[in-house]
Amino acid sequence: MALILTRRAGESVKIGDNVTMTVREVHPKKIYVVFEDEGVQYPHWANLYGDIIAEHAVINVTGISGRQVRLAFDADKSVKIVRTELLK
């Protein structure tokens, strides 16, 4: 079962203990995200309905509406996935 989150450009998700994924750009059929792990950034483009393979999760882009993207996170139950605004 996947965790479904909606994110806008500029919003982030913490995956596990070290990885942060930030949505940088949302286009009609693709998104641009940046993963950050211990200060190192890894940019990635993903197409609508495409998968993003992260260290602790597989992320599927399930929908794009305007500036919002709907993401389905598939990870082991032991991996915490949290919207970063909840960590402040």
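Considerations on unusual backbone geometry
Then step 1. A positive phi angle, near 55 degrees, is found at glutamate 38, a position not held by glycine.
Then step 2. Its location among the elements puts glutamate 38 in the loop between strand E4 (30-37) and strand E5 (40-47).
Then step 3. Judged by its relative accessible area of 66%, glutamate 38 is exposed.

A short note on the sheet that holds E4
Then step 1. Ordered in space as E5-E4-E3-E2-E9, the five strands form an open sheet in which the pairing is antiparallel. Strand pairing shows two members of the sheet lacking a second neighbour, E5 and strand E9 (81-83), which therefore form its edges. Between one strand axis and the next, the sheet turns by 25 degrees as a mean value, whatever way the strands run.
Then step 2. Taken together, the eight bridges between E4 and E5 define a ladder with antiparallel strand orientation. Of the residues in E5, the one forming a bridge with glutamate 36 is glutamine 41.

Section: the packing of aromatic side chains
Each aromatic ring pair is summarised here by two numbers: the centre-to-centre distance and the angle between the ring planes.
Then step 1. Enumeration according to the criterion identifies one aromatic pair in this entry.
Then step 2. Plain terms: the ring middles of tyrosine 32 and tryptophan 45 are 4.9 Å apart, the flat faces sit at 40 degrees to each other, and that makes the pair tilted. Of the two residues, tyrosine 32 sits in strand E4 while tryptophan 45 sits in strand E5, which places them 13 residues apart along the sequence.

Remarks on the sheet that holds strand E1 (residues 3-8)
Then step 1. One open sheet accounts for four strands, arranged E1-E8-E7-E6; its pairing is antiparallel. Of all strands in the sheet, those bounded by a partner on one side alone are E1 and strand E6 (51-53). When the angles between neighbouring strand axes are averaged without regard to direction, this sheet yields 30 degrees.
Then step 2. Across three bridges, E6 lies against strand E7 (residues 57-65) in antiparallel orientation. Looking at the pairing, isoleucine 52 lines up with isoleucine 59 of E7.

Parameters and conventions
- Residues numbered from 1 in each chain as written.
- Predicted model: local features only at pLDDT ≥ 70, side-chain atom pairs only at ≥ 80, totals over all residues.
- Heavy atoms only, no water.
- Helix = DSSP H or I, 4+ residues; strand = E, 2+ residues; numbered from the N terminus.
- Buried < 20%, exposed > 50% of the residue type's maximum accessible area, 1.4 Å probe, protein only.
- Pairing = 2+ DSSP bridges.
- Axes fitted to C-alpha atoms, helices over the stretch in contact; angles between N-to-C directions.
- Phe/Tyr/Trp six-rings, centres within 6.5 Å; stacked < 30°, edge-to-face > 60°.

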